[in-house]
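# Structural overview for review
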Amino acid sequence: MTENKSGKHEFQAEVKQLLDIVIHSLYTDKEIFIRELVSNASDALEKLRYIQQTEKNIFDDQLPLEIEVKTDEEANTITITDYGIGMTSEELTENLGTIAHSGSKQFLESVKKGAAINENLIGQFGVGFYSVFMAAERVEVLTHSWHKDGEDLLWKSDGSGTYEIEKVKGNRRGTSIVVYLKEDDKEYSNTERVKFILKQYSSFVQFPLKLNGEQLNTVDAIWLRKPKDITEDEYKEFYKFQSNSIDDPYYRLHFSSDAPIDINTLLFVPTENPEIPGFGRIEPSVSLYCKKILIDDKPKDFLPDWLRFLKGVVDSADLPLNISRESMQDSTLTQNLGRAITKRFIKFLGDDAKKDKKKYAEFYNKFGLYIKEGVSSDFVNREPLQKLMRFETSKTKESEKISYDKYVSRMNEDQKDIFYILGNDREFIEKSPQMEVFKSRDIEVIYVYEPIDDFVMNNVREYDGKAIVSIDSTDVNLDTSEKKKGGLKKEQADQLCKWLKDSLGEKVEEIGVSKRLVNSPVVALNADTLMTNSMKRLMKAMNKDSADTTKVKLEINASHKLIKQLDVLREKDEGLAKLVAEQLLDNSLLAAGFIEDPQNMVGRINDILEHVSAK
Ligand code: ADP
Ligand code: MG
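Computed from a predicted structure; not experimentally measured.

### Remarks on the overall build of the protein
Within the protein, the secondary structure is distributed over 20 helices and 22 strands. Out of the 615 residues belonging to the protein, those deemed buried represent 52%. Contacts in the protein between residues at least 24 apart in sequence constitute 71% of all its contacts with a sequence separation of at least 6. Carbon and sulfur atoms make up 49% of the accessible area of the protein, which totals about 29,300 Å².

Written as structure tokens, this is what we have:
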């Protein structure tokens with residue numbers, strides 16, 4: 001404990017920005033500051049209770065683990081006191097002078113990136129302790145750390161840019177936060193008003209919560225109660241309190257079991273996706289308890305990463321209490337627990353998806369990304385997770401989605417594979433030459449619109465024993481029994497292919513006669529088995545100067561008029577025939593989404609027009 005922490009300090013620049021926003025721009029829902037302070041007090045008590053399991057040498061060890069709120073209308077103050085772990089002077093600086101808290105950090109980042117400052121945003125990230133300055137003129141934090149040699153300290157600030165730390169006399173262990181309210185925010189020193197606010201979540205606080213001496217709650221853990229004894233409102237309020245959220249829970253899963261492991265679990269899916277694209281990954285936040293004692297509120301390697309959107313509590317009496325958090329994370333028991341809960345949650349989603357399709361569809365629109373992430377990263381649960389995926393297809397209406405199971409159930413009799421295609425939108429896909437044979441044969445094709453979908457489909461190439469095949473790949477194998485009339489004969493067609501290969505040279509890997517084309521003369525297929533066309537498009541877009549790595553296989557439609565005429569033309573006017581061949585190749589690349597050197601193309605079209613008009 002160093003002396004030099006006493007005196008005046010500047011807030012970290014980010015804290016200043018945050019405080020500026022909190023003080024000047026946040027007006028709605030000011031009362032959340034009380035919840036934030038009570039939640040910090042509760043955290044501090046949880047931490048102390050955890051330390052008590054192993055530490056004997058604790059300052060003021062006889063103090064009750066409780067939270068005391070005091071209002072003083074005359075002085076216009078509200079004081080929140082806990083007998084938790086308290087803070088040393090370093091901790092005061094670290095915790096209340098910088099942004100350590102990931103929520104406030106994300107909050108600030110989103111504001112910097114232009115997000116609207118409103119209660120939704122605070123709800124998503126929480127501004128934690130600093131929210132007190134929405135209603136406070138100034139704040140005093142009196143504290144004494146649980147360490148035997150801790151000091152009695154006073155931290156104070158008016159939120160305008162600096163804070164002071166000084167030594168005082170006579171603090172008990174824990175922390176007392178005295179909020180000197182603004183004139184306009186007198187309501188928060190009014191006992192009745194504060195009682196109303198505290199009552200909303202008091203029953204979820206795991207310690208006695210007292211207001212001016214009167215205990216407001218009976219301490220019990222909601223997750224240990226029987227679901228039938230809990231009202232919807234209680235669940236909602238618990239979700240909000242426990243996860244610091246302002247939205248309502250969307251799904252809820254509350255269950256207990258005692259074999260093979262003792263588990264009491266209460267999980268929530270939020271209504272809003274807490275991870276805003278572009279703002280970084282959120283941390284997993286299902287808390288681990290052992291018999292109501294919090295072991296870790298953000299356990300890593302407990303649930304798989306794709307479940308990081310889940311909120312709630314897992315309590316297991318089988319967890320060893322007296323080992324460190326680090327070894328807790330490696331323990332097989334924690335991992336087994338995580339696995340069992342993951343399985344159960346996946347099953348829950350599947351069941352609920354059947355019960356209420358519309359509700360699930362909405363969930364999938366917001367949270368589908370996590371499911372897809374799970375499919376490609378969670379090997380143990382791959383197939384059950386694939387069952388949770390939903391797609392538009394050539395046979396659904398726009399934005400109506402079906403599952404793999406539905407797709408498989410209506411596959412054609414002789415169909416072996418599951419087909420999909422990635423495109424910007426429905427219209428683009430439906431016009432593409434690759435779709436022709438699927439349309440004419442009435443084979444359903446899954447439509448996906450995001451590179452991530454393509455990545456997942458291409459990464460996990462199987463479902464229910466069936467290959468998942470992109471229809472722009474050369475793997476598409478549909479044998480046509482019906483011979484089309486009037487096409488080039490086999491030798492003719494083969495010779496034309498050979499001539500085309502000679503004329504086009506390096507630009508194509510291989511040329512063959514197509515079985516899949518109906519209306520288009522040629523189609524460009526991806527000859528690269530490792531990368532789909534769309535992935536290549538993406539790589540090209542990211543790295544514009546990269547050498548062209550496109551390897552295509554060209555298939556010609558031997559029944560198409562243009563192809564038949566080209567076969568005649570190459571005898572009569574090879575120069576023009578070559579131009580036409582090159583243009584056909586470019587057309588097919590265009591249709592596949594590769595715009596190849598438009599400059600060259602325009603020149604060539606002009607040449608062709610010259611020839612044609614000379615005839
Ligand atoms: P969070 O609670 O999400 O970490 P806050 O901004 O609410 O973020 O609090 C910042 C930090 O300040 C906490 O992580 C904790 O270390 C410390 N802190 C706040 N209140 C207390 C308290 N009553 N007792 C001990 N430490 C506290
Ligand atoms: Mg907090």
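### Thoughts on the sheet that holds strand β12 (residues 285–290)
Strand pairing within a sheet occurs via backbone hydrogen bonds; the two strands may be parallel or antiparallel. Strand order in the open sheet formed by five strands is β10-β11-β14-β12-β13, and the pairing between neighbours is mixed. The outermost strands of the open sheet, each flanked by one partner alone, are β10 (249–257) and β13 (293–296). In this sheet, adjacent strand axes meet at a mean angle of 20 degrees when their direction is disregarded. Of the strand pairs in this sheet, β12 and β13 are connected by three bridges, and their pairing is antiparallel. Among the inter-strand pairings, L288 is bridged to a residue of β13, identified as D296. In the packing of helix α10 (residues 357–377) onto the sheet, contacts are made with β10 and β11 (263–270), and the angle to β10 comes to roughly 100 degrees.

### Regarding the pattern of salt bridges
Here the structure, examined in full by the defined rule, presents 37 salt bridges. Here E66 ties to K210 by a salt bridge, and the two come within 3.2 Å at their closest N and O atoms. You can see E66 sitting in the loop between α2 (32–52) and β2 (67–72) and its partner K210 sitting in strand β8 (residues 209–211), a full 144 residues away along the chain. Comparing E66 with K210 shows no difference in burial state: the two are buried. A salt bridge links E151 to K167, with the nearest nitrogen and oxygen atoms 3.3 Å apart. Of this pair, E151 sits in the loop between β4 (136–144) and β5 (152–157) while K167 sits in strand β6 (residues 162–167), and the two are 16 residues apart along the sequence. Residue classification places E151 among the buried residues on the basis of a relative accessible area of 15%. One network of salt bridges, with partners in common, ties together E275, R281, D305, R308 and E373.

### Here we look at the environment of M435
Summarising the element assignment, M435 is placed in the loop between α13 (426–431) and α14 (436–440). Among all residues touching M435, those that are not within four sequence positions of it are S394, I421, I429, E430, V445, Y447 and I471.

### Some thoughts on the pairing of strand β3 (residues 77–82)
For β3, a buried count of six out of six residues is recorded, marking the element as mostly surrounded by other parts of the structure. As defined by bridge partners, β2 adjoins β3 across six bridges and the pair is classed as antiparallel. Directly across from T71, in β3, lies its bridge partner I78. In sequence, β2 turns back onto β3 through a hairpin of four residues, with N76 there showing a positive phi of about 55 degrees.

### Structural notes on the nonpolar core
One finds F33, F129, W155 and L198 to be the most contacted residues of the largest nonpolar core, which totals 73 residues. Among the elements that line this core, the one with the most residues is α2, at 10 residues. Lining this core are residues from two domains, each supplying at least three of them: domain 1 (7–215) and domain 2 (222–357). Apart from the residues within four sequence positions on either side, F129 is in contact with L37, N40, L96, V139, V141, W155 and I177. Residues I295, F302, L310 and F363 belong to the second largest nonpolar core, which totals 68 residues.

### A look at the side chain of Q242
For Q242, the position within the fold is in helix α7 (residues 232–243). A polar side-chain atom of Q242 sits 3.3 Å from the main-chain carbonyl oxygen of G312. Among all residues touching Q242, those that are not within four sequence positions of it are S287, G312 and V313.

### What to know about the pairing of β6
Taken residue by residue, a regular strand's side chains alternate between the two faces of the sheet. Relative to β6, strand β1 (residues 7–10) runs antiparallel, the two sharing four bridges. Across the sheet, the residue bridging to E10 is T162, located in β6. Pairing between β5 and β6: five bridges, direction antiparallel. Pairing of S157 across the sheet is with Y163, part of β6. With antiparallel pairing between neighbouring strands as the criterion, β5 and β6 make up a hairpin whose turn holds four residues, including G159 at a positive phi of roughly 80 degrees.

Thresholds applied
Residues numbered from 1 in each chain as written. Chains lettered and ligands numbered in written order. Predicted model: local features only at pLDDT ≥ 70, side-chain atom pairs only at ≥ 80, totals over all residues. Heavy atoms only, no water. Helix = DSSP H or I, 4+ residues; strand = E, 2+ residues; numbered from the N terminus. Buried < 20%, exposed > 50% of the residue type's maximum accessible area, 1.4 Å probe, protein only. Contact = heavy atoms within 4.5 Å. Areas by Shrake-Rupley, 256 points an atom, 1.4 Å probe, with all protein chains shown as cover. Pairing = 2+ DSSP bridges. Axes fitted to C-alpha atoms, helices over the stretch in contact; angles between N-to-C directions. Salt bridge = Lys/Arg side-chain N within 4 Å of Asp/Glu carboxyl O. Core = buried A, V, L, I, M, F, W, Y, C linked by side-chain atoms within 4.5 Å. Domains from an automatic or database assignment. Polar contact = N/O pair within 3.5 Å; in protein donor to acceptor, adjacent residues only side chain to side chain.

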